Structures are given as structure tokens and as C-alpha cells.
Amino acid sequence: MSTIAIAPRQVAASRVAASRSVASALCDTADVAWRNLLTQLRTPQALVFATVQPVIFVLLFRYAFGGAIHVPGTNYVDFLMPGIFAQTVAFGAVGTAVGLSGDLRTGILVRFRTLPMARIAVLGGRTVADLARNLLVVAVMTGVGFAAGFRSPHGAGSVLAALGLVVAFGYALSWGFASLGLRVSDPEAAQAAAVPVVFLLVFTSAAFVPASAMPGWLQAFGTHQPVDALVNAERALILGGQAAHDVLISLAWSGGMLAVFVLLAARTYARMGRLRFAGVNRRSAGRVRELVQG
Amino acid sequence: MGDIAVEARSLRKAFGEVQALDGLSLAVPAGSVLGLLGPNGSGKTTTVSILATSLRPDSGRATVGGLDVVTEAAQVRRVIGLAGQFAAVDPNLTGRENLRLIGRLSRVGRGQARVRADELLDRFGLNAAADRLVRGYSGGMRRRLDVAAALLHRPAVLFLDEPTTGLDPESRFALWDSVRGLARSGTTVLLTTQYLEEADALADQVVIISAGRVADTGTPAELKARLGAVVFQLGFARREAAEAAHSALASAGYRPQSDGACIQVRSAAGSGELTGLLRALEGRAPDPVSVAVREPTLDDVFLSLTSGGEAA
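Residues numbered from 1 in each chain as written. Chains lettered and ligands numbered in written order. Predicted model: local features only at pLDDT ≥ 70, side-chain atom pairs only at ≥ 80, totals over all residues.

Here we come to the overall build of chain B. Across its full length, chain B holds 11 helices and 14 strands. C-alpha extents for chain B along the principal axes are approximately 80 × 45 × 40 Å. Out of the 312 residues belonging to chain B, those deemed buried represent 48%. The contacts in chain B between residues at least 6 apart in sequence include a share of 70% that link residues at least 24 apart. (Helix = DSSP H or I, 4+ residues; strand = E, 2+ residues; numbered from the N terminus. Buried ≥ 20, exposed ≤ 12 C-beta atoms within 10 Å, placed from the backbone. Contact = placed C-beta atoms within 7 Å.)

Rendered as C-alpha cells:
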């Protein structure tokens, strides 16, 4: 094809085809996202835990630890909330890995792979649904934080801007965990693999304690990673400071992560080899037997 | 019709050390039902996964409707449907929601997805359960929904991967009826199964695979004919007696197969051969305690192939 001169009409036609395929890829993504959201609503336990846990963290840190941790120049709750937001969306991204490995286990992913749908929609639909869940959770947390005394001297606009950075980071990290989810057909294993990464990023960052309190070698790592960048940008927006610089760094992290992780996940999906059939086989056979024996 | 709907040539696929497919070739004429028969681990699911574009072969080539499953996968997906124990439906959606979703993703259009979903729910007897969550379905209902989900875009070629494994007999027969109906309406069906009875009941052509290769192929009738008209089963009181009988029969020119204290002999001559068998045993082995004569089943074909014995 590439050696043949392409007539203008063909170019126009291929543009139409391309825009049509982008449109249908978006449609497919919306359909898969809808399915994932519906599934989450129908397993409300998961949604409740996803919301309750960060709320408990807010209350725990605010009232149990808050008295012991003193951050110069600000209320601890104002210092704390940006950290909790970052932690929450980072843990929320683990849900992407868990969800995809669940789809791999039930076998619905195998069906998706044989449908004439846009391939990216399986991953896009999952990450978009997780983004929606993150928005809900972050909204609930903001309310609880507000009740616990969280205020920004720069107004609601600066809080919203910070939350924008938070969900953007969460979305980018979701794509990172998507690759993981596609490689493990056991949701528990996916979770076990993803959680330590999140712990490492969150607790070496300045999310809960100022970085200056850490030893030098840990600071070196802790201050050069995306969660730290996010928390700094949030604080700059909410508490005041040189916001533009920190915001740009955080956006650069999220943008870079998104670009790399989308490519990585798409490649993993395209090259998926052995889907863990054996596990599915045993499990569904057992389930069927149960149902038959009733 | 004579056209070949599905063709695989020398497919090879390894998972690490395990050679799942080792040069497998097969062809399914358009409008026919092919039964792919083999034990667990013989490569059935791997074959279907490759043909259904979910898995790439290491080497070899496969086409569906003349389209290459690797280089033209997107077009292939428009003409195929896949159902089976590994291509599932979503337990947290209702039957209707599942079908509508898969219909939309199969690109039949939003309106058509609704219409087709209702049609198929009706056809597979799922109307009453249509708006219940699938996680509450019985195994049989789930499988029927699974097959329905594969039919939304009216595929010309349907892959069924062990569609009745684990089902109770009633659900199994109901599914068989559906498959027969599809075949009558001109759908090409490739079905994998561990049940020889199932291949016998549904398939026009049977391909037996073992360790990733084709071990034998033919119509169910041909495969049975190759084994002769009848199978004699001689039961003995003790294993030693069976061993003596085995050597007596072998020296008389028969091809006995031992299974503990039981011996099977296939014969092309029919049940009249029994006197010949008993004469061969006379004086060389104890009398059998039981004698049975039956028609050969695909199990016999299968056992003779996988145990390395030759079909007489």
C-alpha cells in the first residue's frame, strides 16, 4: 500500500473511515463503561468499601493522629486532605487491575476479544468507569473533610482545580494497573501485586508527613515520584504558594504516565497469549455442578 | 455448497514448554457441523481461540470465510460467533442487558441489538428470566444465554467450545436441539467436545485430536465402520485368566484389547464371530464369566487411537 500513490479521494475516504472508527471506538468505550458501572452498582459492597475506607482515613488522621502531628504554618486537616485525596485515587486505581483480572477470570474478556468492537474499548471502558467511581469517592471525601474542618483560604475554585489534578493522576495510574490486571487472572493476586506499589508511592511522598522529616536517601526517592508531585501541587493550590510550577510538574507526570501506560496496556491486550483457561474451567465446572445439584 | 468456511493449516502454538498445537490442520465445509474431539489438554480450546482471533498461532495459517484470522482479524470477527465455557456472559447484568450490550459491541446497531436480544431470548426459552441477573441463572440457562450471545450478529460461522460440559442431560439435549436448528439454517458450526456421544449426535464430520495433532478424521459412521461391525466384551473371573485369553486370541489372529479382567475384540464379521472367539479360547484359557456384544461407539475409536492401537 505505502508504495502506491494515494489519490486525494482515497485520502478523504480514509479520513471519513478513520473518524467513523474513532466515533465507534468511543461508542464501544461508553458501552463497556456503562456495563462496568452497572456491575459496580450491583455489587454495592465494593462501592461502599471504596467510599467508607477513605472516609475512615480522613476521620482517623484528623482526630486520632492529628493531635500528634504538627505541620508548621497550617491546620493539619488542610495539610492532610491533599494527601488523602492522592492516596484514595491511587488505591482506587488498584480497582482497574482487580476488575480486568476479574473479567479475565469469568471469561467475558475472551468474548470481547472475538467481537468486532474497538479493541481499546475494553481498557477504555474499564478506566472510564473507574474514573467515575473515583469522582464519586472524592466528592464524598470532600464533604466529610469539609465537615471535619477542611477549608481553603483560596476558595472552592482552588479545591476544584486540585481535585482535577487528583482524578487526572488516578486515571493515568489506572492505565498502569490495567496491564497488570491483564496478566493475572486472579483478582486477589492482582490486588496483592498492585497494593505494595501504591503503598510505596503514597508513604514515601509528603502525603501525610512533610518530606523534611524523612532521611535523605528516602527523600531522594520520595520527592521524585508522581504522588509527591501531585500532593505538592494540590497543597500549592489549596494552601497557597508557587502553584503554577508544581501544577505543571504534576500534569507532566500524569500526562507522561498516561501516554506510556496506554501504549503498554494496549500492547499487552493485543498480545495476550494464554488466557488462564484452566482456572476458568475448574471454577465454572464446579459452579455448574453446584447449580445442577441445586 | 462445497465451499470451505473454516480452514486451518499446520497450526502450531506453544505455551512455554508445552506444545499445545503441533501442526494441526482441518477444514470445515460451509453449512456443516464439525466436531473437534479430544481429551483435556489435547488443544481443542487453543484451536478455537486461534480460529476465533483471540490467540495468535506461532506458525501456520488459518482462514474463516477466506479471511486470515491474524491479518484480517477485524473482518473475521464480523462473521464469527464464539460461545463456550470460556467465553462468558456478565453475571451482574440481566440476560437482556447482556444480549443488548454484546449486540451493540457486535456492531448491529442500537435498535437492532434490542430487537435481536428479544428474538434470541424468546428462541432460547429465556423470556421469563430475561430481566433477572445472570448470577441467579442455572447452568443450563447460562449456557443458552451464552450461545444466544454468540448469535446476535447472525454469524455465518459459530464456534462452540465444550458447550455442554457440566450440564445435566436435559439442558444438554436442549442445547443439542439449538445446534441442530442452527445447522439447518445454514450456519457453519465448529464444536469441541470431550463427549463422543455429542460428536456422534451433532457432527457431520469428526476430527479427533490428541497432543495438538489430528489423530483421525471422518464421519461418525466412517469412524465406527473402521472398527468393524461389532465389539465383543469378554469378562473373566481373574486377571490371569484374561491374560491367557488375550494371548490365545492374539495367536488366533484377533486383535484383543485388555482392560483389567476384561477383553474387547472388534470384528468386521458381525456377531456370528462369537463362536470363532470361543473356539479360539477352548483349552487355552478359562471360560469367560460374561460375554456382551455391542455396536462400536466413538469411545472405541478414541481408545484405539490414543492407546496407540490400530483401527482394524
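After that view of the structure, there is still more to cover.
Counting its secondary structure elements, chain A contains 11 helices and 0 strands. Mapped from its N terminus to its C terminus, chain A presents α and β elements in the order α-α-α-α-α-α-α-α-α-α-α. Looking at the 294 residues of chain A, the share that counts as buried comes to 43%. Long-range pairs, those at least 24 residues apart, make up 82% of the contacts in chain A between residues at least 6 apart in sequence.

Turning our attention to helix 5 (residues 120-147) of chain A. Along its 28 residues, helix 5 of chain A runs 41 Å from first to last C-alpha, staying within 8% of the 40 Å computed at 1.5 Å per residue. The positive-phi residue at the C-terminal boundary of helix 5 of chain A is Gly 149 of chain A, with phi of around 105 degrees. (Expected span 1.5 Å × (residues − 1).)

All names here are of chain B. One open sheet accounts for 4 strands, arranged 12-13-11-14; its pairing is antiparallel. At either end of the open sheet lies a strand with only one pairing partner, and these are strand 12 (257-259) and strand 14 (290-294). For this sheet the average axis-to-axis angle between neighbouring strands, irrespective of direction, equals 20 degrees. (Pairing = 2+ DSSP bridges. Axes fitted to C-alpha atoms, helices over the stretch in contact; angles between N-to-C directions.)

With that settled, the discussion passes to the sheet that holds strand 5 (residues 67-68) of chain B. Residues and elements named next belong to chain B. The strand order 2-1-4-5 describes an open sheet built from 4 strands, whose pairing is antiparallel. Every interior strand has two partners, whereas the edge strands, strand 2 (18-29) and strand 5, have only one. Inspection of the sheet shows strand 1 (residues 4-15) paired to strand 4 (residues 59-64) by 5 bridges, in the antiparallel sense. Within the sheet, the bridge partner assigned to Arg 9 lies in strand 4 and is Arg 61. Along the sheet, helix 1 (residues 44-51) contacts strand 1, strand 2 and strand 4; its crossing angle with strand 1, the most-contacted strand, is approximately 120 degrees.

Domain boundaries assigned for chain B yield domain 1 (4-224) and domain 2 (228-295). Of note, the centres of domain 1 of chain B and domain 2 of chain B, computed from C-alpha atoms alone, are 41 Å apart. (Domains from an automatic or database assignment.)

What follows deals with helix 9 (residues 239-251) of chain B. All names here are of chain B. In this model helix 9 runs 19 Å from its N-terminal to its C-terminal C-alpha over 13 residues, within 8% of the 18 Å that 1.5 Å per residue would give. Within helix 9, the full set of buried residues consists of Ala 241, Ala 242, Ala 245 and Leu 249. Buried residues of helix 9, seen end-on, are gathered within an arc of 95 degrees and therefore sit on one face of the element. In helix 9, those exposed residues whose orientation departs by more than 90 degrees from the buried face are Arg 239, Glu 240, Ser 247 and Ser 251. Tucked inside the fold, the buried residues of helix 9 contact strand 11 (230-235), strand 12, strand 13 (262-267) and helix 10 (274-281). Taken from the residues just after helix 9, Gly 253 is the one with a positive phi, measuring 95 degrees. (Arc of directions from axis to C-beta.)

Attention now goes to the packing of helix 3 (residues 76-106) of chain A against helix 9 (residues 226-239) of chain A. Residues and elements named next belong to chain A. One way to put it is that helix 3 packs onto helix 9 with a least axis distance of 9 Å and a crossing angle of 140 degrees. Taken together, helix 3 and helix 9 sit at an angle that is classed as oblique. Seen from above, helix 3 lies across helix 9 with right-handed handedness. For the pair helix 3 and helix 9, the contacting residues are Asp 78, Pro 82, Gly 83, Phe 85, Ala 86 and Ala 90 in the first and Val 227, Leu 230, Val 231, Glu 234, Arg 235, Ile 238 and Leu 239 in the second. In terms of residue class, the contact of helix 3 with helix 9 is made up of 9 nonpolar, 1 polar and 3 charged. (Parallel < 35°, antiparallel > 145°, perpendicular 65-115°, else oblique. Left-handed = near helix turned anticlockwise from the far one by under 90°. Nonpolar A, V, L, I, M, F, W, Y, C, P; charged D, E, K, R; others polar.)

What follows deals with the confidence of the model for chain A. All names here are of chain A. The predicted model of chain A has a mean per-residue pLDDT of 85, with 86% of residues at 70 or higher. The element-level mean pLDDT for chain A is lowest in helix 11 (residues 277-293), coming to 39, with helix 6 (residues 155-183) highest at 95. Residue range residues 1-6 is modelled with pLDDT below 50. Its contacts to residues more than four positions away, or to other chains, number 1 contact. Per-residue pLDDT stays below 50 along residues 276-294; that stretch engages in 21 contacts with residues further than four places along the chain or on separate chains. (pLDDT = per-residue confidence, 0-100.)

The next subject is unusual backbone geometry. Comment: phi is negative for the bulk of residues other than glycine, and the bulk of peptide bonds are trans. Residues and elements named next belong to chain B. A positive phi is found at Arg 107, a non-glycine position, where the angle reads about 65 degrees. Residue placement: Arg 107 occurs in the loop between helix 3 (95-105) and helix 4 (110-123). According to the C-beta neighbour criterion, Arg 107 is partly exposed, with 19 such atoms within 10 Å. At Glu 162, a residue that is not glycine, the phi angle is positive and equals roughly 45 degrees. On the secondary structure map, Glu 162 appears in the loop between strand 7 (157-161) and helix 6 (169-184). Owing to 25 C-beta atoms within 10 Å, Glu 162 belongs among the buried residues under this scheme.

Relative to the elements of secondary structure, Val 89 of chain B occurs in the loop between strand 6 (80-84) and helix 3. Placed 57 residues apart in sequence, Val 89 of chain B and Asp 146 of chain B show a C-alpha to C-alpha distance of 6.2 Å. Filtering out sequence-adjacent residues up to four positions away, Val 89 of chain B remains in contact with Ile 108 of chain A together with Asn 98, Val 134, Arg 142, Leu 145, Asp 146 and Ala 149 of chain B.

Attention now goes to the packing of helix 3 of chain A against helix 7 (residues 187-203) of chain A. All names here are of chain A. The interhelical angle for the contact between helix 3 and helix 7, taken along N-to-C directions, is 160 degrees, at an axis separation of 9 Å. On the basis of their axis angle, the class for helix 3 and helix 7 is roughly antiparallel. Along this stretch, helix 3 crosses helix 7, giving a crossing that reads as right-handed. Contacts between helix 3 and helix 7 pair Ala 86, Gln 87, Ala 90, Phe 91, Val 94, Ala 97, Val 98, Ser 101, Gly 102 and Arg 105 from the former with Pro 187, Ala 190, Gln 191, Ala 194, Val 195, Val 198, Leu 201 and Val 202 from the latter.

Take the confidence of the model for chain B next. Looking at chain B, the pLDDT average stands at 88 and 96% of residues meet or exceed 70. Segment residues 308-312 of chain B: pLDDT under 50, and 11 contacts once partners within four positions in sequence are set aside and those in other chains are kept.

The next thing to look at is the nonpolar core. With 143 residues, the main nonpolar core has Ala 86 and Val 166 of chain A together with Leu 51 of chain B as its most contacted residues. Setting aside anything within four residues of it in sequence, one finds Leu 51 of chain B in contact with Val 6, Ala 8, Ala 62, Val 64, Val 69, Phe 159 and Leu 190 of chain B. Grouped together as the second largest cluster of nonpolar side chains are 15 residues, Ile 263, Val 265, Leu 277 and Ala 285 of chain B included. (Core = buried A, V, L, I, M, F, W, Y, C linked by C-beta atoms within 7 Å.)

Moving on to the pairing of strand 4 of chain B. For a regular strand, side chains alternate in direction, first toward one face of the sheet and then toward the other. Residue and element names in this part refer to chain B. The pairing of strand 4 with strand 5 spans 2 bridges and is antiparallel. Across the sheet, the residue bridging to Val 64 is Leu 67, located in strand 5. In textbook terms, the turn of a hairpin is the stretch between consecutive antiparallel strands, and for strand 4 and strand 5 this stretch comprises 2 residues, one of which, Gly 65, has a positive phi near 60 degrees.

Residues and elements named next belong to chain B. Judged by how many residues are buried, strand 14 sits mostly at the surface: 0 of 5 residues are covered. With 5 bridges joining them, strand 11 and strand 14 adopt antiparallel strand pairing. Across the sheet, Leu 234 pairs through a bridge with Val 291, a residue of strand 14.

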